[in-house]
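# Close look at the chain arrangement
Residue-level listing of the chains:
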Amino acid sequence: MTTPADDVATVVDGIPLAGLPKISLHDHLDGGLRPSTIVELAERQGVELPAADPAALTEWFAQQTAAGKSLVEYLETFRVTLSVMQTRDGLVRTAHDFALDLAADGIIYGEVRWAPEQHQQGGLSLDEAVEAVQEGLDAGAAAARAAGHDLRTGQLLIAMRQADRGLEIAELAIRHRHDGVVGYDIAGPEAGYPAGRLADAFAALDRAFLPRTVHAGEADGIESIRGALLDGRANRLGHGVRLAEDIRIVDADERTTTVELGEIAQWVKDREIVLETSPTSNLQTGAFAQWGDDIRQHPVDLLHQLGYRVTVNTDNRLMSRTTLTRELGLLADAFGYGLDDLHALQVNAAIGAFLPLEDREELIARLDDGWGVAR
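For clarity, every value in this text was computed on a predicted model and none was experimentally measured. (Residues numbered from 1 in each chain as written. Predicted model: local features only at pLDDT ≥ 70, side-chain atom pairs only at ≥ 80, totals over all residues. Heavy atoms only, no water.)

## A closer look at helix H15 (residues 357-371)
Given a rise of 1.5 Å per residue, 15 residues ought to cover 21 Å, and the 21 Å separating the end C-alpha atoms of H15 matches this to within 8%. Those residues of H15 that fall on the buried side of the exposure criterion are Leu363, Ile364, Leu367, Asp368 and Trp371. With its buried residues spanning 135 degrees around the axis, H15 presents them on a single face. In H15, the exposed positions that point more than 90 degrees away from the buried face belong to Glu358 and Asp369. Buried residues in H15 make contact with strand S3 (22-28), strand S4 (107-114), helix H13 (324-335) and helix H14 (339-352). Positioned one or two residues after H15, glycine 372 has a phi angle of 70 degrees, which is positive. (Helix = DSSP H or I, 4+ residues; strand = E, 2+ residues; numbered from the N terminus. Expected span 1.5 Å × (residues − 1). Buried < 20%, exposed > 50% of the residue type's maximum accessible area, 1.4 Å probe, protein only. Arc of directions from axis to C-beta. Contact = heavy atoms within 4.5 Å.)

## So, the environment of proline 116
Assignment of secondary structure puts proline 116 in the loop between S4 and helix H6 (126-146). Look at proline 116 and you get buried, because its relative accessible area is 0%. When residues no more than four places from it in sequence are discounted, the contact partners of proline 116 are Leu126, Val130, Leu157, Ile158 and Leu172.

## Some details on the packing of aromatic side chains
Taken as a whole and judged by the stated rule, the model has 3 aromatic pairs. Between tryptophan 60 and phenylalanine 61, the aromatic rings sit 5.0 Å apart at their centres with planes inclined by 80 degrees, giving edge-to-face as the arrangement. A single burial state applies to tryptophan 60 and to phenylalanine 61, both of which are buried. For the pair tyrosine 184 and phenylalanine 202, a centre-to-centre distance of 6.1 Å together with 90 degrees between the ring planes defines the contact as edge-to-face. Taken together, the residues span a long stretch of sequence, with tyrosine 184 in strand S6 (residues 181-187) and phenylalanine 202 in helix H8 (residues 199-208) at a distance of 18 residues. When the ring centre of phenylalanine 354 is taken as reference, the NZ or CZ atom of arginine 236 above it lies at 3.9 Å. Above the plane of the ring of tryptophan 267 lies arginine 271, whose end atom (NZ or CZ) is 3.6 Å from the centre. (Phe/Tyr/Trp six-rings, centres within 6.5 Å; stacked < 30°, edge-to-face > 60°. Lys NZ or Arg CZ within 6 Å of the ring centre and 35° of its normal.)

## Quick word on the pattern of salt bridges
A side chain of one charge can pair with a side chain of the opposite charge if their charged atoms are brought near each other. Under the counting rule described, the total for this entry stands at 29 salt bridges. One salt bridge in this structure joins glutamate 276 and arginine 236, with 2.6 Å as the shortest N-O distance. Here arginine 236 lies in strand S8 (residues 236-239) and glutamate 276 lies in strand S11 (residues 274-277), a separation of 40 residues in the sequence. Taking relative accessible area as the criterion, arginine 236 reaches 1% and is therefore assigned buried. In this structure, a network of salt bridges that share partners links the residues Arg34, Glu40, Arg44, Arg93, Asp97 and Asp101. (Salt bridge = Lys/Arg side-chain N within 4 Å of Asp/Glu carboxyl O.)

Given below as structure tokens:
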């Protein structure tokens, strides 16, 4: 089992990756807390933690999410982060820090996903929780702008597959679509909880013309992706790694690879449905274990080379001890990507963003300018 090294590429084609503008589509709020903030909030709220100081807590998370764990084991760590996110102040603070961390990573547009239904133990209503997160994101973005970094964010509201509150969260997202919410998602245990269970939620989103991404092809296979597309009418696939199960390699040599695409793989490619891959997280949760246990065996390169709308994301910055800069460096190391490849992945993210067309075109222009690409 090979875990990505900490000394990944930070300079590609002579250009430092950290300073380049980036777009993040798959980034969980409760997966991106600072350990120092967890400790501070826990002390204030009287919450018991598995480790008492930030350094020890960081190590605890690393041990719990080591490569090869299942998605279920990986998700257990969220009990800790969620425990300090049950109050308005806790949500405002974590969202504020999250925005600053996006800016420090060079993010110019970041979609921040989280599940409001998991933040009501302290008495918050769903609407109050959404408003608290937006307050924190706005404050963090303002602080980033004051420091010279132009950051824009959007909330993606998650409904948990197993909780049967999909329609309620869809209606919540629709109510706040002009107050920071840009889309909808479903997450949680994938196997055994198909997208079709939330048919009424997706119908409501259709009537409101609100976009959605669906976690699929991470902890379950091609049938889960089929459900995301047919029942969820997904505009994007959260992870989508196991789409590669529907791609058959017919022949391969040092120069070329010949493949046959199944009907689902062909559909996703032809309609340019965006794939939200997260290399480190996908390794940790075993999302591509059937192909290997090394980041170089991740299907992301095959999908990229075949022309899919692949994007690269962090998923959970804390649990995976990563940044978008680091994830891009990992791919540069693993597959020999140069700036052109990495820029193309970022343009895919701009194209897939849940924003009006004119705003997406502006993002692409900012990427081109920052990455030194002339069109």
